[in-house]
Amino acid sequence: MDLNKQSIPKTRTYIAQHLKKAFRINKVPVPWGPAVIAGLSTGIPLLTGIILHEPGLGMLATTGAFVNVYMRDETARQRFVKLSCILLGLALSIMLGTLAAPSLLASAAAISFIGAAATFLCGITGVLLPAGYMFVLVCGMAISLPADPGLFAYRGLIVLLGGIPALLLCMIPLVFHRYGPEKRMLSSLYQKLATMLESLNTSDYPLLRLETGELLQQTKKKIYKSMVSRRKENRSLQQIYEITEAADQLFWAIVSIEDQQISVPAVYPRMLRTISRTLPKRSSTLTVDRQVFGKIKKEDHFESGLQEAFLYMMEAIKNPSPKLEVSNRSLKEAIGTRWSIRGLYHYTTIFSASMKMGVLVLVSYGVASMIQAPHPSWVPIGCASVLIAATATASIYRGIQLMIGTCLGGLLASLLLFLEPTNLVIVLSVALMQFIIKTLAVKNYALAAVFITPISLLLVSLAHPVDSPLAFVNVRIIDILLGCSLGLAGMLVLSPHSASKRLDRTFAAALDAQAKLLKTYAKNQHNQEIKILSNIVLRSLKRTSTLYDQAFNEITHRPYHVEEDFPILIRVQKVGYLTIHIIRNEQLKENKEKLLACSKLLTDMSAYFKTTPISYKGRIKLNQNLGVSSLIEDKSIPLFTAVMDLYQEILSAETNMNPTH
């Protein structure tokens, strides 16, 4: 069975199916802890403002508490640094908005710049949703406040002070469960490894290999970065390191047997799931039933590489070293890589997304000003909320969810405002709704959006009492609907094919990285350079899958059917993983000529993707490389077989290719 014959995903789905997906309730655990932190983070600055008889300052300080929405499962140092930088960014956003508020043009330029810059910085640093949205929101709030540029530093300070309690609350869980984030990351990784192992010899394996490989690199990067700063040598930290190394060995052991048609004993994935369930527990070190270890050890007839990886994992669990025996240099080399602005532009959509955010936020603010909207900053806020999604399809879903949630939330806000609540009731209501938003957002954003509108309107009413609640709510609904509509329309018009246009170039970059790694290995160059090039290959594989997903989810008519590149994506991924596997195990060093021939063929296949549109001359050049391909046509070596499979897939795609491709 050819594992790469993965069924091609369908491109077209009916509107009803899209609506069903947009309002599907996700089956994920409710984050009760983060929800409590969100409620307290919002309530504390508001309550402080009420106590000091300055509700307006309380509302302003609450914007600093927005840092809590960026809390993820990360190590203590990473969380503190990330949230501190975000808090500083929120303060700078409100300062810039305050300075620009007196001028319409300056306000438009400021909110546009904040949107573009925040989107870019969140993109290159890996900050997930809500990404740059909160910075646009805070800048918009500053613009809507009474114009007084002299207060820019004062308002920035208030935001910082309001964010400090939220920052401290986000750090509290790590005090009681010191290595909780690391263990939860490893738990998810081992669960994914179990699924990958079970999928061997099935059509699901290529995608699971891709997902597991990406999760492994992400987990290693976070844990190793944390360990560089933690030099306290203790049993728990050593065990975390060894369990991470064991996961790394397990992944590459599975990759090494994926073409051998091996039947995996059920005890292996079951053992991985047992570890996955045990890891998040609060005990300082991990322990597992010894009987399971005995069963693993008795499987002497099974594939030796995979068995050795399991035995290493069991030793790490049973007898972790009491002392951390890895240097900072080794940790840095394990995750070291190189990056460039050129790579970000050509092989990701970060620049394109930043440009879209800046331009469309500027346009939406201009439209709001032209129609003389009472709160013109609300329109770009609605626009930004749909542009932060990872794909065009996700933006459509998010826009639908937000528009419907805003309409329903408007009804709830009208009811609350008609009741004329006291300031204390407003504080309690906002804190409670923030708690509810955090619990519902993971289930479906539309449910959370119902409570976002009441919070926004209650905060505004706290600083400036509302005379006509119904008119006030109607303005909010209209502005958000207008902003969402402008964002969705602009997304479809402004560079709608930014991902699909970069896909071939990203395939070429991945193949170039693999070719360079093989060539460096064949020439026996420095080990540190090989590690860096290996990490560059892994990063290029991540970029190909991310860009393919974005291209596949483009809404408008594309230059060609992206799903036709799916078999190529799977094969490029396979060649990359097998290349690294051979180098990790120092194989084929005696086959220098074949390694260089393989590198040459990968380079020539890369040139195929760089030709846009693909010319007849480029096709002839590829066909002339059959002489080179014969040098590596050795079916006993999985890497060479995978390279030839990729080569044949490209030739097949060439034959059946649409002329517009």
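Everything numeric in this text was worked out from a predicted model, so none of it was measured.

1. Observations concerning the overall build of the chain
- Counting secondary structure elements, the chain contains 28 helices and zero strands.
- Counting the 661 residues in the chain, one finds 55% classified as buried.
- Partitioning the contacts of the chain with sequence separation of at least 6, the portion at a separation of at least 24 is 82%.
- When the accessible surface of the chain is totalled, it reaches about 29,100 Å², and 62% of it is carbon and sulfur.

2. Description of the nonpolar core
- One finds Tyr190 and Met313 to be the most contacted residues of the largest nonpolar core, which totals 97 residues.
- No other element matches helix α10 (residues 235–256), which puts twelve residues into this core.
- Apart from residues no more than four positions distant in its own chain, Met313 is found in contact with Tyr190, Ala246, Leu250, Met271, Leu272 and Ile275.
- Counting residues in each nonpolar core, the second largest holds 81 residues, with Leu46, Leu83, Ile94 and Phe135 among its members.

3. Quick look at the packing of aromatic side chains
- Counted under the stated rule, the structure contains 13 aromatic pairs.
- Here the aromatic rings of Phe120 and Phe351 are separated by 5.2 Å at their centres, their planes lie at 50 degrees, and the arrangement is tilted. Of this pair, Phe120 sits in helix α5 (residues 104–125) while Phe351 is found in helix α16 (residues 350–370), placing the two residues 231 residues apart along the sequence.
- Considering the side-chain rings of Phe251 and Trp252, the 5.0 Å spacing of their centres and the 80 degrees angle between planes classify their relative orientation as edge-to-face. Considered together, Phe251 and Trp252 belong to a single accessibility category, that of buried residues.
- Ring pairs connect the aromatic residues Phe251, Trp252 and Tyr577, which therefore count as one cluster.
- When the ring centre of Tyr445 is taken as origin, the NZ or CZ atom of Arg398, which lies over that ring, is 4.0 Å away.
- Directly above the ring of Trp378 sits Arg476, whose terminal nitrogen or CZ lies 5.2 Å from the centroid.

4. Here we look at the confidence of the model for the chain
- Chain-level pLDDT for the chain is 83 on average; 86% of the residues reach the 70-or-more range.
- Predicted confidence is poor over residues 1–14, with pLDDT under 50, and the contacts of this stretch with residues over four places away or in other chains come to 31 contacts.
- Taken as a whole, residues 613–620 scores under 50 in pLDDT and shows six contacts with residues more than four places along the chain or in a different chain.

5. A look at unusual backbone geometry
- Leu129 connects to Pro130 through a cis peptide bond whose omega is 5 degrees.
- Examined against the element boundaries, Pro130 turns out to sit in the loop between α5 and α6 (133–144).

6. Some remarks on the pattern of salt bridges
- One pass over the full model with this rule turns up twelve salt bridges.
- In this structure, Glu74 engages Lys82 in a salt bridge whose closest nitrogen and oxygen atoms are separated by 3.0 Å. Here the two residues Glu74 and Lys82 agree in accessibility, since each one is buried.
- In this structure, Lys220 and Asp248 form a salt bridge, with 3.5 Å as the shortest nitrogen-oxygen distance. Of this pair, Lys220 sits in helix α9 (residues 205–229) while Asp248 sits in helix α10, and the two are 28 residues apart along the sequence.
- Salt bridges sharing common partners tie together Glu74, Arg79 and Lys82.

7. With respect to helix α17 (residues 378–387)
- With ten of its ten residues buried, α17 lies for the most part within the structure.
- For α17, the complete set of buried residues consists of Trp378, Val379, Pro380, Ile381, Gly382, Cys383, Ala384, Ser385, Val386 and Leu387.
- Tucked inside the fold, the buried residues of α17 contact α5, α6, α16, α18 (392–418), α20 (445–463) and α21 (469–493).

8. Re the side chain of Asp248
- On the basis of relative accessibility, which here comes to 3%, the residue Asp248 falls in the buried class.
- With residues near it in sequence (within four places) discarded, Asp248 still touches Leu216, Lys220 and Arg584.

9. Describing the packing of helix α11 (residues 267–278) against helix α13 (residues 304–318)
- Where α11 contacts α13, the axes come no closer than 12 Å and their chain directions differ by 25 degrees. One way to sum up the angle between α11 and α13 is to call them roughly parallel. Of the two possible hands of crossing, α11 and α13 adopt the one that is left-handed. Note on element contacts: α13 touches α11 through Gln307, Phe310, Met313, Met314 and Ile317, opposite Tyr268, Met271, Leu272 and Ile275.
- The residue inventory of the contact of α11 with α13, partitioned by class, reads eight nonpolar, one polar and no charged.

10. Quick word on the side chain of Arg398
- By the secondary structure assignment, Arg398 is in helix α18.
- It is Asp549 that comes nearest to the buried, bridge-free Arg398 among opposite-charge side chains, at 14 Å.

What counts, and at which threshold
Residues numbered from 1 in each chain as written. Predicted model: local features only at pLDDT ≥ 70, side-chain atom pairs only at ≥ 80, totals over all residues. Heavy atoms only, no water. Helix = DSSP H or I, 4+ residues; strand = E, 2+ residues; numbered from the N terminus. Buried < 20%, exposed > 50% of the residue type's maximum accessible area, 1.4 Å probe, protein only. Contact = heavy atoms within 4.5 Å. Areas by Shrake-Rupley, 256 points an atom, 1.4 Å probe, with all protein chains shown as cover. Core = buried A, V, L, I, M, F, W, Y, C linked by side-chain atoms within 4.5 Å. Phe/Tyr/Trp six-rings, centres within 6.5 Å; stacked < 30°, edge-to-face > 60°. Lys NZ or Arg CZ within 6 Å of the ring centre and 35° of its normal. pLDDT = per-residue confidence, 0-100. Salt bridge = Lys/Arg side-chain N within 4 Å of Asp/Glu carboxyl O. Axes fitted to C-alpha atoms, helices over the stretch in contact; angles between N-to-C directions. Parallel < 35°, antiparallel > 145°, perpendicular 65-115°, else oblique. Left-handed = near helix turned anticlockwise from the far one by under 90°. Nonpolar A, V, L, I, M, F, W, Y, C, P; charged D, E, K, R; others polar. Lys, Arg positive; Asp, Glu negative; His and termini not counted.

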